[in-house]
Amino acid sequence: MEIWQSSKSGPLYGLTLDLNIEQSDYIEALTQNAGVRVLVTSANKIGFPEDSGFSIAPGYSTSVGLKFLKISRLKSPYKSNCTDGFHTIYSANGGKAQTRYSVKACQNGCIQTQIASTCNCSAAAYPNPWNNTICPSDDKCVDKVLGDYRDEEFTCDCPQSCVAFDYGVTISQSKWPSARYQATSLTNLKNKGAGFKNADADFQALAD
């Protein structure tokens, strides 16, 4: 994976993306919201945008300011009782991958382990390092395990990391494109290739 770097701060030196969500291709009965989900995290950390990301709506220019945070905690006997990290089901190849430990990765691994031992299959929503049979989407056993976890019928030993890195975000938005710029932006998008083949329909969706 290529990592892009910038030696300067400020909006002129950050990453700029034009995202086409191709709303005209959405499945009517399944897609309630339009937009993208964004998560800012370290390159070697498994991200969970559904839990800690933020949503960006179509038809807006969104600017995201970042503030890097380093959090240090103390091990036992202090109350934080943190960990230097251990392998989870997200560590590929028997734990050889250099993926940074996180509480959420540990919790998901704990749930998947409980499902595997209780239901004799693995949930499709989590990694399956044992190559178990995937549980049916309507499996009552899986629903019960998830319910038991929610109701704290079983708990997972997932301490906080002793050293953790996070990014605070500040988000601002403005309407995009402006009425006078719409024709120019449509031409520019079409010139970018097949990924923007439905740009006319997507602009119409924004107008409606």
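Residues numbered from 1 in each chain as written. Predicted model: local features only at pLDDT ≥ 70, side-chain atom pairs only at ≥ 80, totals over all residues. Heavy atoms only, no water.

Draft legend 1. Representation of the environment of Ser 174. Tracing the backbone shows Ser 174 in strand β4 (residues 163-175). Along the sequence, Ser 174 and Thr 62 sit 112 residues apart, while their C-alpha atoms lie 6.7 Å from each other. Contact partners of Ser 174, with chain neighbours within four places excluded, come to Gly 59, Tyr 60 and Ser 61. (Helix = DSSP H or I, 4+ residues; strand = E, 2+ residues; numbered from the N terminus. Contact = heavy atoms within 4.5 Å.)

Draft legend 2. Expanded view of helix α3 (residues 103-119). A rise of 1.5 Å per residue sets the reference length of α3, with its 17 residues, at 24 Å; its end C-alpha atoms lie 24 Å apart and thus fit the reference within 8%. Regarding α3, the residues found buried are Val 103, Ala 105, Cys 106, Asn 108, Gly 109, Ile 111, Gln 112, Ile 115, Ala 116 and Cys 119. Looking at the buried side of α3, the elements it contacts are α4 (140-150). (Expected span 1.5 Å × (residues − 1). Buried < 20%, exposed > 50% of the residue type's maximum accessible area, 1.4 Å probe, protein only.)

Draft legend 3. Region of the structure containing the pattern of salt bridges. A full pass over the atoms with the stated rule returns four salt bridges. The closest approach of N and O atoms between Lys 104 and Asp 51, which form a salt bridge, is 3.6 Å. In this pair, Lys 104 sits in helix α3 while Asp 51 sits in helix α1 (residues 49-52), placing the two residues 53 residues apart along the sequence. (Salt bridge = Lys/Arg side-chain N within 4 Å of Asp/Glu carboxyl O.)

Draft legend 4. Main features of the state of the cysteines. Evaluation of the coordinates by the stated rule reveals five disulfides. The disulfide that involves Cys 110 links it to Cys 156, with 2.0 Å between the sulfurs. Looking down the S-S bond of the Cys 110 and Cys 156 bridge, the torsion is -80°, so its handedness is left-handed. Taken together, the residues span a long stretch of sequence, with Cys 110 in helix α3 and Cys 156 in the loop between α4 and β4 at a distance of 46 residues. Across a sulfur-sulfur distance of 2.0 Å, Cys 119 and Cys 141 are joined as a disulfide pair. Where Cys 119 bonds to Cys 141 through sulfur, the torsion about that S-S bond is close to -90°, and the disulfide is left-handed. Here Cys 119, found in helix α3, pairs with Cys 141, found in helix α4; they are 22 residues apart in sequence, far enough to count as distant. Given the relative accessible area of 13%, Cys 119 is considered buried. (Disulfide = S-S within 2.5 Å.)

Draft legend 5. Region of the structure containing α4. Within α4, the full set of buried residues consists of Val 142, Val 145 and Gly 147. On its buried face, α4 sits against α3. By the N-cap criterion, in which a side-chain oxygen at the helix start approaches the backbone nitrogen of a residue two or three places on, α4 is capped by Asp 139, the distance to Cys 141 being 2.7 Å. The positive-phi residue at the C-terminal boundary of α4 is Glu 152, with phi of around 60°. (Polar contact = N/O pair within 3.5 Å; in protein donor to acceptor, adjacent residues only side chain to side chain.)

Draft legend 6. The side chain of Asn 108, seen in detail. Tracing the backbone through its elements, the reader meets Asn 108 in helix α3. Note on Asn 108: relative accessible area 4%, which makes it buried.

Draft legend 7. Quick peek at the confidence of the model for the chain. For the chain, the average pLDDT comes to 85, and 88% of its residues sit at 70 or higher. Per-element averaging of pLDDT across the chain places helix α2 (residues 92-95) at the bottom with 49 and α4 at the top with 96. Low confidence marks residues 93-97, where pLDDT is under 50. Its contacts with residues over four positions away, or in another chain, come to three contacts. (pLDDT = per-residue confidence, 0-100.)

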